[in-house]
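These are the residues of each chain, in order.
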Amino acid sequence: MKAHVYVTLKRTVLDAQGKTVSDALRRMEYKGVADVRQGKYFLLTLEDELSEEAHEKEIERIAREVLTNPVIEEFTFRLEK
């Protein structure tokens, strides 16, 4: 099983890199992009010994305690068999 964890800055935090990319896309005349937010992506390969529910709890804990700075970042994840 694999866990895909996506970490992004909270909407209330200025994303300077996302703004720079967004501005560049506009200058390069790409159409249809309203906003860009940059972030981090983690792929965790999980052992089979836990149930899916136990994996979800553990991934949530890992993301909250290790992969994100909870003051400025938020995360989402999905499990894949």
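Quantities reported herein were computed from a predicted structural model and do not represent experimental measurements.

Draft legend 1. Molecular detail of the side chain of threonine 68. Within the secondary structure, threonine 68 sits in the loop between helix H2 (52-67) and strand E3 (73-80). A distance of 2.8 Å separates a polar side-chain atom of threonine 68 from the backbone oxygen of alanine 63. Among residues more than four places away in sequence, those in contact with threonine 68 are Val7, Ala63, Glu73, Glu74 and Phe75.

Draft legend 2. Seen up close, helix H1 (residues 16-27). An ideal rise of 1.5 Å per residue puts 16 Å on 12 residues; H1 measures up with 16 Å between its terminal C-alpha atoms. Downstream of H1 by a residue or two, glutamate 29 has a phi angle that is positive, lying close to 65 degrees.

Draft legend 3. Fine view of unusual backbone geometry. Positive phi, normally seen in glycine, also occurs at glutamate 29, with a value near 65 degrees. Accessibility expressed as a relative area gives 60% for glutamate 29, which makes it exposed.

Thresholds applied
Residue numbers restart at each chain and count upward from 1, following the sequence in its written direction. For a predicted model such as this one, the threshold for reporting local features is a pLDDT of at least 70, and the threshold for listing and counting side-chain atom pairs is 80 or more; totals across whole chains, interfaces and linings nevertheless cover every residue. Computation of side-chain values: all heavy atoms of the structure, hydrogens and water removed. In DSSP terms, a helix is any run of H or I states spanning at least four residues, a strand is any run of E spanning at least two, and both are numbered starting from the N terminus. Two N or O atoms count as a polar contact when they lie within 3.5 Å, although within protein this holds only if one can serve as hydrogen donor and the other as acceptor, and sequence-adjacent residues are included solely when both atoms are side-chain atoms. Any two residues whose heavy atoms approach within 4.5 Å at even a single point are treated as in contact. One less than the residue count of a helix, multiplied by 1.5 Å, gives the span that helix is expected to have. Three exposure classes are used, based on accessible area relative to the maximum for each residue type with a 1.4 Å probe and protein chains only: buried under 20%, partly exposed in between, and exposed over 50%.

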